[in-house]
Amino acid sequence: MKQIRNFSIIAHIDHGKSTLADRMIQATGLVETRDFRDQLLDNMDIERERGITIKSQAITLPYVDREGREFALNLIDTPGHVDFSYEVSRALASCEGVLLLVDAAQGVEAQTMANLFAAMEHDLEIIPVINKIDLPSADVESVKEQIEMDLGLDSETAILCSAKEGTGVDDVLEAIVNRLPPPLGSEEDPLKALIFDAHYDPFRGTIVSCRIFSGHVRPGDTIRLMFNNATYRVEEVGIFHLSREPRKTLSAGEVGYIISGIKTVSDTRIGDTVTLADNPAPEPLPGFKEVKPVVFASIYPVASDEYRSLVEALEKYKLNDAALIFQKDSSAALGLGFRCGFLGLLHLEIVQERLEREFDQSLIMTAPTVQYRFELTNGDHITVDNPLYYPDPATISKAFEPFIRASIMIPERYMGAVMELCLERRGTNSKFHYPSPGRIEIQFDMPLAEVIYDFYDKLKTVTQGYGSFDYELLDYRESDLVKLDILLNGEKVDALCQIVHRDGARARALQACKRLKEEIPRHMFKIAIQGAIGGTIIARSTVNAFRKDVTAKCYGGDITRKRKLLEKQKKGKKRMKMVGSVTVPQSAFVAVLKSDNN
Amino acid sequence: MLPGLYVHVPFCDSKCPYCGFYSIPSKTPVAGWLKGLEKEIFHTKNRFERFDTLYLGGGTPSMLSDRDLERILSLIFDHYPLTPDAEITLEANPCQVTLAKADFIRSLGVNRINLGVQSFDDRVLKFLGRRHSSQRAEDAVRHLRSAGFQNIGLDLIYGFKAQPMKAWMTTLKKALSFEPEHLSCYQLTLEKGTVFKRRSQKNNSIILPEKTAAAHFLATSAFLENKGYVHYEVSNFALNKSLESRHNRKYWRHIPYLGLGPSAHSFDGKQRWWNVRSVREYCKALNENRLPVEGNETLTKEQLHLESLALGVRTRHGVDTTILPPASGNALFMLQRQGLLKIKRGHAIPTRRGYLMADHLPLWLSP
Ligand SMILES: Nc1nc2c(ncn2[C@@H]2O[C@H](COP(=O)(O)OP(=O)(O)O)[C@@H](O)[C@H]2O)c(=O)[nH]1
Ligand code: SF4
Ligand SMILES: [Mg+2]
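Residues numbered from 1 in each chain as written. Chains lettered and ligands numbered in written order. Predicted model: local features only at pLDDT ≥ 70, side-chain atom pairs only at ≥ 80, totals over all residues. Heavy atoms only, no water.

On a plain count of helices and strands, chain B comes out with 14 helices and 15 strands. Burial statistics for chain B: of 367 residues in total, 58% are counted as buried. Per element, the accessible surface of chain B, about 15500 Å² overall, is 52% carbon and sulfur. (Helix = DSSP H or I, 4+ residues; strand = E, 2+ residues; numbered from the N terminus. Buried < 20%, exposed > 50% of the residue type's maximum accessible area, 1.4 Å probe, protein only. Areas by Shrake-Rupley, 256 points an atom, 1.4 Å probe, with all protein chains shown as cover.)

Here it is as structure tokens:
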């Protein structure tokens with residue numbers, strides 16, 4: 001009987017998780033070398049393009065160790081960016097141990113620590129791995145010191161490897177089988193399977209990925225989803241090799257999938273427990289913490305008759321991304337749509353892009369915002385995550401906005417630039433730590449609203465890519481807020497308004513007018529763009545009318561050229577929205593927040 | 001309607017700094033080109049049954065010797081059936097149009113001349129890099145008239161800083177004094193790879209600002225229509241409907257045409273193909289008994305439709321409203337209200353201001 005090890009690799013972004021996963025897949029012979037492509041587990045197009053992992057992925061590696069024992073190693077690759085910590089914690093709930101990967105040149109970073117704490121919370125066994133030892137700038141000794149001092153782990157147990165060149169990968173595999181505990185849980189007990197992921201397949205219904213904690217499940221069984229007691233007959237169970245591989249049974253300790261013709265999308269909840277109808281478990285597994293979105297934005301279909309299809313797409317999408325929350329919303333300018341909550345800006349971008357690519361939706365997304373609180377003169381307290389519902393200023397007695405503690409880790413030389421950036425973003429209460437010589441950790445209290453858009457990009461620019469950033473939510477603090485309206489040809493466009501701090505209102509208004517001027521194409525009439533607070537105009541810009549758009553000659557060869565240009569322009573137009581008589585490109589709704597030089 | 005036949009004569013005395021057509025400033029390769037043309041004619045003669053237009057364009061067909069011109073026309077007459085009333089046009093440069101040349105061209109059966117006057121202002125002609133004087137252009141028109149041509153078209157260029165409105169009007173009035181049957185007034189465009197384009201990228205000194213260019217366009221149209229010309233295409237005017245260029249109309253109405261010579265385009269109603277843009281490669285291909293075709297495309301229904309829109313809104317003929325998608329109703333209404341289109345005889349017809357937006361109109365009207 002094969003033994004099982006369930007593990008995950010956690011690391012700061014770019015420290016080499018995906019590469020190490022690739023090497024282990026190759027080392028265990030799961031794929032022929034000739035079929036191999038890099039970043040094998042990042043199989044979404046968007047992951048490959050951006051070079052990041054967004055979704056956790058499970059795969060079962062067959063492994064024979066140095067003593068000839070057979071193992072099934074279940075690897076769950078996890079994302080590294082802060083926005084996806086939630087995915088990480090779901091993956092961890094299905095594991096007994098983790099490889100904690102640290103870049104030998106970069107050392108311990110903010111996300112390394114955050115991930116370590118998550119692993120500790122799940123009581124997991126931790127194997128430190130120092131990667132990229134082939135780099136000339138690798139400094140194994142100082143990384144070992146950081147592991148010891150910052151992480152409190154025994155650096156003598158760290159494994160040295162180069163995922164790129166393959167050195168040390170065998171040691172990593174041996175450590176997994178020798179140092180990680182086998183899964184507990186008995187096959188004799190009633191079935192408890194934790195759903196850690198799901199996706200919708202048009203032919204087979206919902207396919208759930210799960211970790212079996214006890215009992216077993218076979219085709220023909222009737223399963224029960226414990227949160228709503230819906231029952232389904234199991235059609236197929238199996239494990240993940242490079243694709244799904246059917247098995248006769250999934251038993252305690254294993255990681256795999258269940259297909260049972262679940263067509264009602266909303267029946268499947270990530271974190272739910274699956275049990276058997278005729279021999280149910282007395283209570284479900286703990287499940288996952290509810291995620292709290294911190295960034296909000298509305299999405300609308302570009303064409304209003306595509307609202308139905310957006311509803312369906314969102315429901316199916318949600319199966320695969322439990323962190324997204326949404327509810328119905330409507331705007332005078334954009335019609336029916338959804339107010340969505342996201343874990344962060346990257347999450348927001350990814351959701352938009354996946355909806356467009358995987359579900360063929362053409363979307364407009366409004367500028368993201370945080371959740372504000374207001375105390376009204378009549379004593380009521382309200383929460384507002386949509387500028388549309390900003391209360392009548394006369395009724396507001398106090399306004400509050402969420403603050404975060406930002407932790408930024410950088411080489412010392414960038415300190416000045418980073419301080420400046422943080423102060424510009426209303427940072428206060430700074431603190432400094434020196435985790436190791438030459439490196440500094442800066443902490444600031446900052447309004448969340450100041451970091452949701454381009455803070456991370458800005459930070460990367462001023463630190464030439466050497467800055468790492470993490471944050472935790474602190475509390476709500478009183479703040480002087482106003483609502484900034486944007487008007488196009490005198491008409492307020494609700495989907496473009498923002499809640500901003502009074503001191504920054506004029507700068508924001510100017511910036512929004514400037515961005516919109518760049519984004520809105522010329523029309524046959526002049527377009528006045530104005531920013532206003534209350535009835536007072538505080539910024540303006542103009543898109544001039546265009547008077548002539550015709551080429552003088554159109555003979556033989558010109559015709560093909562002209563058509564090709566039109567085809568291109570038509571594609572672009574599909575991404576535009578009529579607001580009153582003005583055609584506004586999809587991108588403009590988010591661009592109002594973008595600052596200069598990006 | 002019957003197909004049209006086009007022959008591209010890719011030679012000029014020198015290259016004008018604004019010109020994007022394929023031509024080379026040398027006469028040396030004429031003999032080789034002619035041999036190639038002969039072969040191309042031989043290979044393509046059965047492609048279409050009959051033509052009702054022939055257009056010798058370029059380049060500068062008038063710079064060919066009498067012998068070469070005669071040879072080309074007899075080759076064509078021998079191998080391609082043309083209707084008895086066919087429109088036969090030759091593009092001429094004032095430099096070469098003597099009375100004798102005009103007489104000779106007339107004797108070959110050419111019944112329509114397109115004369116590359118460009119301007120009747122010597123300073124402007126110099127700026128445009130043209131090799132003739134205004135006097136030479138005037139003489140050329142007179143010679144053509146004396147030779148008996150009753151369908152003369154003059155090509156003029158405007159819309160650039162070196163020619164303010166007043167100077168342009170002087171040229172236009174001069175042109176009208178010859179009572180030409182046809183006028184092509186092209187707003188100067190910066191074509192890819194031209195001297196003007198490069199110069200303009202440096203200091204933007206050539207083209208009028210958009211607003212002024214639009215004003216020149218509208219004024220030109222109003223002026224000529226007031227003098228009795230029909231503004232039947234963005235850049236083309238005819239004294240009456242029957243004098244519109246029958247050949248060029250084929251390009252704008254998706255009627256088939258066969259193009260011979262380097263860089264010439266052909267279209268059979270569905271497929272479009274084009275020849276290589278090089279005399280050398282053209283001759284080489286034909287010497288090896290290959291067609292000198294460089295590329296082709298087969299148009300889908302959607303593409304044909306999009307082109308019909310794009311071409312339709314450039315002519316007074318307009319776009320048959322039955323081909324417009326049902327959802328374009330709003331757009332039609334808006335465009336009428338803005339005075340860019342009129343609906344007449346079941347066609348959406350561009351107004352003078354509509355012409356100015358012709359590149360943009362299809363975007364509003366297409367599905
Ligand atoms: N030199 C070197 N580069 C590596 C090594 N491992 C990964 N990389 C590179 O580091 C970058 C990030 O790797 P990736 O696996 O995508 O990191 P992830 O974000 O943690 O998944 C890629 O350019 C890899 O090629 C290594 O051992 N040595
Ligand atoms: S404008 Fe006419 S004469 Fe001048 S280079 Fe072009 S084809 Fe030749
Ligand atoms: Mg990765």
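This part takes up the overall build of chain A. What chain A contains, in helices and strands, is 14 helices and 33 strands. Within the span of chain A, comprising 598 residues, buried residues form 58% of the whole. In chain A, the share of contacts with a sequence separation of at least 24, taken over all contacts with a separation of at least 6, comes to 69%. Looking at chain A as shown, the accessible area adds up to about 25300 Å², and 48% of this sits on carbon and sulfur atoms. (Contact = heavy atoms within 4.5 Å.)

Moving on, we come to the interface of chain A and chain B. Taken residue by residue, the interface counts 26 residues in chain A and 38 residues in chain B. A combined buried area of about 3200 Å² lies between chain A and chain B, and 60% of that area is made up of carbon and sulfur atoms. At the boundary of chain A and chain B, one finds four salt bridges. The salt bridge involving Glu210 of chain B is made with Arg522 of chain A; its shortest N-O contact spans 2.7 Å. Our count for the contact surface shared by chain A and chain B stands at 20 residue pairs in polar contact (both at pLDDT 80 or more). Class assignment for the residues of the side of chain A that touches chain B results in ten nonpolar, five polar and eleven charged. (Buried area = accessible area lost by both parts, 1.4 Å probe. Salt bridge = Lys/Arg side-chain N within 4 Å of Asp/Glu carboxyl O. Polar contact = N/O pair within 3.5 Å; in protein donor to acceptor, adjacent residues only side chain to side chain. Nonpolar A, V, L, I, M, F, W, Y, C, P; charged D, E, K, R; others polar.)

Our focus in this paragraph is the sheet that holds strand E17 (residues 295-301) of chain A. All names here are of chain A. Read across the sheet, four strands follow the order E18-E19-E17-E20 without closing on themselves; strand pairing throughout is antiparallel. Each having just a single partner strand, strand E18 (325-331) and strand E20 (363-365) make up the two edges of the open sheet. Strand-to-strand twist in this sheet, taken as the mean axis angle between neighbours without regard to direction, amounts to 30°. Sheet topology note: the E17/strand E19 (residues 335-342) ladder contains five bridges and is antiparallel. Across the sheet, residue Val295 finds its bridge partner in E19, namely Phe342. Docked against the sheet, helix H7 (residues 307-320) engages E17, E18, E19 and E20, running at close to 20° with respect to E19. Each of E17, E19 and E20 is contacted by helix H8 (residues 345-358), which is oriented at about 165° to E20, the strand it contacts most. (Pairing = 2+ DSSP bridges. Axes fitted to C-alpha atoms, helices over the stretch in contact; angles between N-to-C directions.)

For the rest of this paragraph, the subject is the pattern of salt bridges. Across all of its chains, the model carries 48 salt bridges over all chains by this definition. Linking Asp485 of chain A and Lys483 of chain A is a salt bridge whose minimum nitrogen-to-oxygen distance equals 3.4 Å. A salt bridge links Arg563 of chain A to Glu567 of chain A; its shortest N-O distance comes to 3.3 Å. Taken together, the residues Arg563 of chain A and Glu567 of chain A, both in helix H13 (residues 556-573) and four residues apart, mark about one turn of the helix. Taking the relative accessible area as the measure of exposure, Glu567 of chain A reaches 26% and is therefore partly exposed. Several salt bridges share partner residues, and in doing so they unite Arg563 and Glu567 of chain A together with Arg272, Glu297 and Glu307 of chain B into one network.

Attention now moves to the site of ligand 1. Residue and element names in this part refer to chain A. In the vicinity of ligand 1 there are 15 residues, among which Asp14, Lys17, Ser18, Thr19 and Asp134 approach most closely. Between ligand 1 and His15, the relevant distance is 3.5 Å, taken from an oxygen atom to a main-chain nitrogen or oxygen of the residue. Within the side chain of Thr19, one N or O atom sits 2.5 Å away from an oxygen atom of ligand 1. Considering ligand 1 on its own, with 570 Å² of exposed area, one finds that the protein chains cover 80% of that surface. In the shell around ligand 1, the residues fall into three nonpolar, seven polar and five charged. (Near = heavy atom within 4 Å.)

What follows deals with the site of ligand 2. The full set of residues close to ligand 2 is Cys12, Ser14, Lys15, Cys16, Tyr18, Cys19, Ser23, Gly59, Thr60, Arg130 and Arg131 of chain B. In terms of residue class, the shell around ligand 2 is made up of four nonpolar, four polar and three charged.

Walk down a regular strand and you will see the side chains alternate between the two sheet faces. Burial along strand E11 (residues 230-233) of chain A is one-sided: the residues Ala230 and Tyr232 of chain A are buried and none of Thr231 and Arg233 of chain A is. In this antiparallel pair of consecutive strands, strand E10 (residues 222-225) of chain A and E11 of chain A, the connection spans four residues, and Asn229 of chain A shows a positive phi of 60°.

Right, let's get into the environment of Asp385 of chain A. You can see Asp385 of chain A is positioned in the loop between strand E22 (381-384) and strand E23 (396-411). The spacing of Asp385 of chain A and Val370 of chain A is 15 residues in sequence and 5.9 Å in space, taken between C-alpha atoms.

Attention shifts here to helix H8 (residues 210-226) of chain B. Residues and elements named next belong to chain B. The end-to-end C-alpha distance of H8 is 24 Å, a good match for the 24 Å that 17 residues give at a rise of 1.5 Å each. For H8, the complete set of buried residues consists of Ala213, Ala214, His216, Phe217, Thr220, Ser221, Phe223 and Leu224. Those residues of H8 that are buried are in contact with strand E5 (152-158), helix H6 (165-176), strand E6 (182-187), strand E7 (230-233), strand E8 (236-238) and helix H13 (352-356). Where H8 terminates, the next one or two residues include Gly228, which has phi positive at roughly 100°. (Expected span 1.5 Å × (residues − 1).)

Right, let's talk about the packing of aromatic side chains for a bit. Each aromatic ring pair is described using two quantities: the centre-to-centre distance and the angle formed by the ring planes. Here the structure, examined in full by the defined rule, presents 19 aromatic pairs over all chains. Geometrically, the ring pair formed by Tyr251 of chain B and Tyr257 of chain B is edge-to-face, given 4.6 Å between the ring centres and 70° between the ring planes. This pair shows no difference in class: Tyr251 of chain B is buried, exactly as Tyr257 of chain B is. Aromatic rings pair up to connect Tyr555 of chain A together with Tyr232, Tyr251, Trp252, Tyr257 and Phe267 of chain B into one cluster. The ring of Phe213 of chain A carries the charged tip of Arg211 of chain A above its face, separated from the ring centre by 4.2 Å. A cation over a ring is seen here: Arg106 of chain B above Phe149 of chain B, with NZ or CZ 5.2 Å from the ring centre. (Phe/Tyr/Trp six-rings, centres within 6.5 Å; stacked < 30°, edge-to-face > 60°. Lys NZ or Arg CZ within 6 Å of the ring centre and 35° of its normal.)

What follows is about the nonpolar core. Across soluble globular proteins, nonpolar side chains show a tendency to be buried alongside one another. Formed by 88 residues in total, the largest nonpolar core has its most connected members in Trp33, Leu115 and Leu183 of chain B. Setting aside chain neighbours within four positions, we find Leu115 of chain B in contact with Ala92, Asn93, Pro94, Val97, Ala137, Ala140, Val141, Leu144, Gly153, Leu154 and Asp155 of chain B. Counting 60 residues, the second largest nonpolar core, distinct from the first, contains Ala58, Leu194, Val237 and Leu250 of chain A. (Core = buried A, V, L, I, M, F, W, Y, C linked by side-chain atoms within 4.5 Å.)

All right, on to helix H9 (residues 415-424) of chain A then. Residues and elements named next belong to chain A. Those residues of H9 that sit buried are Val418, Met419, Leu421 and Cys422. Take H9 and look down its axis: the buried residues cluster within an arc of 165°, on one side only. In H9, those exposed residues whose orientation departs by more than 90 degrees from the buried face are Glu420, Leu423 and Glu424. Of the surrounding secondary structure, the elements contacted by the buried residues of H9 are E23, strand E24 (428-433), strand E25 (439-447) and helix H11 (455-462). (Arc of directions from axis to C-beta.)

The next point concerns the packing of H9 of chain A against H11 of chain A. Residue and element names in this part refer to chain A. Where H9 meets H11, the axes come as close as 9 Å, and the angle between the chain directions of the two elements is 160°. Relative to H11, the element H9 is oriented roughly antiparallel. Judged by the twist between their axes, the crossing of H9 over H11 is right-handed. Here Ala417, Val418, Leu421 and Cys422 of H9 lie close against H11, whose contacting residues are Phe455, Lys458, Leu459 and Val462. The residue makeup of the contact of H9 with H11, split by class, is seven nonpolar, no polar and one charged. (Parallel < 35°, antiparallel > 145°, perpendicular 65-115°, else oblique. Left-handed = near helix turned anticlockwise from the far one by under 90°.)

In this section: the side chain of Ser209 of chain A. Residues and elements named next belong to chain A. For Ser209, the location among the structural elements is in strand E8 (residues 205-214). Overall, Ser209 belongs to the buried group, its relative accessible area being 9%. Not counting the four nearest positions on each side in its chain, Ser209 is found in contact with Leu194, Ile195, Phe196, Asp197, Ala198, Phe240, Gly256 and Tyr257.

A separate point is the packing of H7 of chain A against H8 of chain A. Residue and element names in this part refer to chain A. With their axes 11 Å apart at the nearest point, H7 and H8 run at an angle of 120° to one another. With respect to each other, H7 and H8 are oriented oblique. Judged by the twist between their axes, the crossing of H7 over H8 is right-handed. In contact with Ala313, Leu314, Tyr317 and Asn320 of H7, H8 contributes Val351, Arg354 and Leu355. Counted by class, the contact of H7 with H8 contains five nonpolar, one polar and one charged residues.

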